[in-house]
Amino acid sequence: MSKPPVRRPATKRAPRKLPGARFLAARLGPKAAEDEDEDVMLPIRGSGSGGLTLRAMVPNAITAAALCAGLTGIRFAIDGEWSYAILSVVLAGVLDGIDGRIARLLNAQSRFGAELDSLADSLSFGVAPALILFLWSLQDWPRFGWFAALAFAISCALRLARFNARIDMDDQPHKSAGFLTGVPAPVGAGLAFTPFYLWNETGIAFFREPVVTAVWLSVIAVLMISNMATISWASLRPRKAIRLWLLAFAAMAFAALLLEPWWTLSAICVTYLGLVPYGLVKYGRIKRRRAQEQAAAAASASDATA
């Protein structure tokens, strides 16, 4: 008789690795855009990858250019060229506003770019404005003027750290309602320069007083690290009837920025600060409505179980 075939014990096959298994989905982290409405996912290369692609380097190059612009503003301030110093930081803000959008357009988001963007923001909108304003005005009040400059730079860094720490949290009531938490770093830098805008156009020495500058800088620092809800431009949805009017107004504002940059920047800062109370009131309404909906849902659930 022939022996029955010996059956070998079944072994589990290892799952087949897909070609893209070395890429892991993760949140974009520090900045896709601070005012994004939805969570953005991106691939992150593992430890054995070859690095960033050339396409992924394009938005990173823009971020590096923004960092160079912000730091060059310090160089202009050392030479006493105040207008060029301020405009360098403004240019850094413009570049910072487009690097994340270009990254999403090219599908070139990366963890490296997100971390670089966060570091560039801290230097361009925290350190650079603090040093520029110290050289412009605060050095005439050495001790407390330097404290105000430090407070602004540290507040900017803390704000970015808070944003990075919360990026993976699901419970973000401000973001889910279309708001930001505190004043964004680029906006804070623009607001900090308001005394310079007014001094450069009017020549009134009051706006260059170190006490005035120190108090103003401290107020903006508090607004940046505050927990209040601020308006996110990405969440604004203008009605169809006024869209053409808004486009015309934007074109006129751009023309004014070219012809009268300092007055226009002053007007933009005043307008933004005027919208802060409106944002608080609007978010308060949303918060109360959410609380009422949750209470109604809890009451209906308790009735159903009774």
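Everything here concerns the structure above.
The shown structure was predicted, so the numbers you read here are calculated from the model rather than taken from an experiment.

K.L.:
How should the overall build of the chain be read in this particular structure?
P.N.:
Broken down by element type, the chain carries 10 helices and four strands. Of the regular secondary structure in the chain, the N- to C-terminal order runs β-β-α-α-α-α-α-β-α-α-α-β-α-α. Across the 306 residues that make up the chain, the buried fraction comes to 39%. Of the contacts formed within the chain by residues at least 6 apart in sequence, a portion of 77% connects residues at least 24 apart.

K.L.:
Is there a simple way to think about the pattern of salt bridges in this case?
P.N.:
Opposite charge on two side chains permits them to pair, given that their charged atoms come into close proximity. Applying the stated criterion across every chain, the model contains one salt bridge. Linking Arg75 and Asp79 is a salt bridge whose minimum nitrogen-to-oxygen distance equals 3.5 Å. The partly exposed category is assigned to Arg75, whose relative accessible area is 47%.

K.L.:
Please explain the packing of helix H4 (residues 142–166) against helix H8 (residues 210–225) as it appears in this structure.
P.N.:
Angle between the axes and distance between the axes are the two parameters that describe a pair of packed helices. Contact geometry for H4 and H8: axes closest at 9 Å, N-to-C directions at 10 degrees. As the angle between them shows, H4 and H8 are arranged roughly parallel. Residues Ala148, Ala149, Ala151, Phe152, Ser155, Cys156, Leu158, Arg159 and Arg162 of H4 form the contact with H8, whose own contacting residues are Ala214, Leu217, Ser218, Ile220, Ala221, Met224 and Ile225. Split into classes, the residues belonging to the contact of H4 with H8 amount to 12 nonpolar, two polar and two charged.

K.L.:
How should a nonpolar patch on the surface be read in this particular structure?
P.N.:
A contiguous nonpolar surface patch, about 970 Å² in accessible area, is contributed by Trp141, Phe144, Trp146, Phe147, Leu150, Ile154, Leu158, Val211, Val215, Val219 and Ile225. Elements represented by at least two residues in the nonpolar patch include exactly H4 and H8. Looking at which element gives the most residues to the nonpolar patch, the answer is H4, with six residues. Position of Leu158 among the secondary structure elements: in helix H4.

Here is what the cut-offs are and how they apply
- Residues numbered from 1 in each chain as written.
- Predicted model: local features only at pLDDT ≥ 70, side-chain atom pairs only at ≥ 80, totals over all residues.
- Heavy atoms only, no water.
- Helix = DSSP H or I, 4+ residues; strand = E, 2+ residues; numbered from the N terminus.
- Buried < 20%, exposed > 50% of the residue type's maximum accessible area, 1.4 Å probe, protein only.
- Contact = heavy atoms within 4.5 Å.
- Salt bridge = Lys/Arg side-chain N within 4 Å of Asp/Glu carboxyl O.
- Axes fitted to C-alpha atoms, helices over the stretch in contact; angles between N-to-C directions.
- Parallel < 35°, antiparallel > 145°, perpendicular 65-115°, else oblique.
- Nonpolar A, V, L, I, M, F, W, Y, C, P; charged D, E, K, R; others polar.
- Patch = residues over 30% accessible without salt bridge, like charges linked within 9 Å, V, L, I, M, F, W, Y side chains within 5 Å.
- Areas by Shrake-Rupley, 256 points an atom, 1.4 Å probe, with all protein chains shown as cover.

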